[in-house]
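# Observations on chain architecture
Residue strings, one per chain:
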Amino acid sequence: MPDVAHLDDLPRTRWTFGHIDGTWTYVSTEKQGGLPSRRAGCRRCVAPHGAMPVPVHQHLGAEEVFVVLGGDGLAYERDGDGERAYAVSEGDVIVRRANLEAHAFVAGPGGLDVLAYGPSAAPRAEVFPRIGVVRLRERWLEIDAGVHPWEREAALGLPELPAPSAERPARYVRAEDVRAVDAGPGVEVQTLGEPAGAVDVGVRRIVVRPDHADGPRRAHSAVERLVLVRGGSGHVQGAGDTATALRAGSVVGVRAGTGEAWRIVAGPDGLDLIDLCV
């Protein structure tokens, strides 16, 4: 049977350092008490208006995908070509490839609710260019003893944000702009990660019509999945008659190599799902 939890019931913590402010829910990070996961990490962050959830940073070892669940704001970027900002809002999917632009979000008037997902097997290495430090897993390099790096960031204040660009690059994809494909009786799928350039992470939106299943029962030998219920209700079926109810905010974690077959079945109001995999 897959692991099932609800976002409201998962452990969370709030990080506040000046303009750095966000409440983090540990969705699929077993070390912090989220759903068990061998290959992927997933966190949800809710940031208030004007806040930056994490300082500007660049990933060195792993790709990361962001799904905007609610609110609005700006995606800030910087690299050798300068600084840019792009408007983001609910329904956007943004892919951050390793070793490319440094980036951060800044929450708009409605706050910002973002799901971050990526492989956890790759070494965690990030550069924070504004504060001159590197994080290797849980260690910080080039930092004064006793000073948390985010305190350095807070002392700098928010970067001066450029006006949002009218045209967004291909790594920004809006779900409503992606064609839905019939994936079986009562099921439509939108592939969101690949159009945005994702290589290591899969992102799909799956809509299941009332009283239909997302497919036959299946078990994964190599792929790990995390499914977030965005709307509707239903249940996840395991072996035999085992079933666990699902509602908006429920998350289903499916590990590879367990041999446990599963499927998701929609109730009378259907299901709107975000499907993530590595």
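These numbers were taken from a predicted model, which means no experiment stands behind them. (Residues numbered from 1 in each chain as written. Predicted model: local features only at pLDDT ≥ 70, side-chain atom pairs only at ≥ 80, totals over all residues. Heavy atoms only, no water.)

### Details of the packing of aromatic side chains
Scanning the model with the defined rule gives five aromatic pairs in all. Ring geometry for Tyr86 against Tyr172: centres 5.1 Å apart, planes inclined by 55 degrees, an arrangement best described as tilted. Pair noted here: Tyr86 is in strand β7 (residues 82–89) and Tyr172 is in strand β13 (residues 172–174), with a separation of 86 residues, a long-range link. Residue Tyr172 is classed as buried on the basis of its relative accessible area, which comes to 6%. The structure contains a cluster of three or more aromatic residues connected by ring pairs, namely Trp15, Phe17 and Trp150. Over the aromatic face of Trp262 sits the side chain of Arg218, whose NZ or CZ is 4.3 Å from the ring centroid. (Phe/Tyr/Trp six-rings, centres within 6.5 Å; stacked < 30°, edge-to-face > 60°. Helix = DSSP H or I, 4+ residues; strand = E, 2+ residues; numbered from the N terminus. Buried < 20%, exposed > 50% of the residue type's maximum accessible area, 1.4 Å probe, protein only. Lys NZ or Arg CZ within 6 Å of the ring centre and 35° of its normal.)

### Remarks on the pattern of salt bridges
Taken as a whole and assessed by the stated rule, the structure comprises 21 salt bridges. Taking the shortest distance from any N to any O, the salt bridge between Asp92 and Arg174 comes out at 3.2 Å. Of the two residues, Asp92 sits in strand β8 (residues 92–96) while Arg174 sits in strand β13, which places them 82 residues apart along the sequence. We classify Asp92 as buried; its relative accessible area is 2%. Overall, the relative accessible area of 22% leaves Arg174 in the partly exposed class. Between Arg135 and Glu126 there is a salt bridge, with its nearest N and O atoms 2.6 Å apart. The exposure class of Glu126 is buried, given its relative accessible area of 7%. Members of the salt-bridge network, linked through shared partners, are Glu77, Asp79, Arg84, Arg96, Glu101 and Arg171. (Salt bridge = Lys/Arg side-chain N within 4 Å of Asp/Glu carboxyl O.)

### What to know about the nonpolar core
Residues Val27, Val67, Leu115, Tyr117, Val203, Val251 and Leu276 are the most contacted members of the largest nonpolar core, which totals 28 residues. Mapped onto this core, the elements with two or more residues apiece are β4 (40–47), β6 (64–79), β8, β9 (102–119), β17 (225–237) and β20 (263–277). Considering every element that reaches this core, the biggest residue donor is β6, with three residues. Not counting residues up to four positions away in its chain, the partners in contact with Tyr117 are Ala40, Gly41, Cys42, Glu63, Glu64, Val65, Val201, Glu224, Leu226, Leu276, Cys277 and Val278. (Core = buried A, V, L, I, M, F, W, Y, C linked by side-chain atoms within 4.5 Å. Contact = heavy atoms within 4.5 Å.)

### Concerning the side chain of Glu63
Following the sequence through the fold, Glu63 ends up in the loop between β5 (58–59) and β6. The class of Glu63 is buried, set by a relative accessible area of 3%. Of the polar contacts made by the side chain of Glu63, one reaches the backbone nitrogen of Val199; its length is 3.0 Å. Of the polar contacts made by the side chain of Glu63, one reaches the backbone nitrogen of Val201; its length is 3.2 Å. (Polar contact = N/O pair within 3.5 Å; in protein donor to acceptor, adjacent residues only side chain to side chain.)

### Describing the environment of Asp182
Assignment of secondary structure puts Asp182 in strand β14 (residues 181–182). Spatially, the C-alpha atom of Asp182 lies 34 Å from that of Ser165, the residues being 17 residues apart in sequence. From its side chain, Asp182 meets the backbone nitrogen of Gly184 in a polar contact 3.0 Å long.

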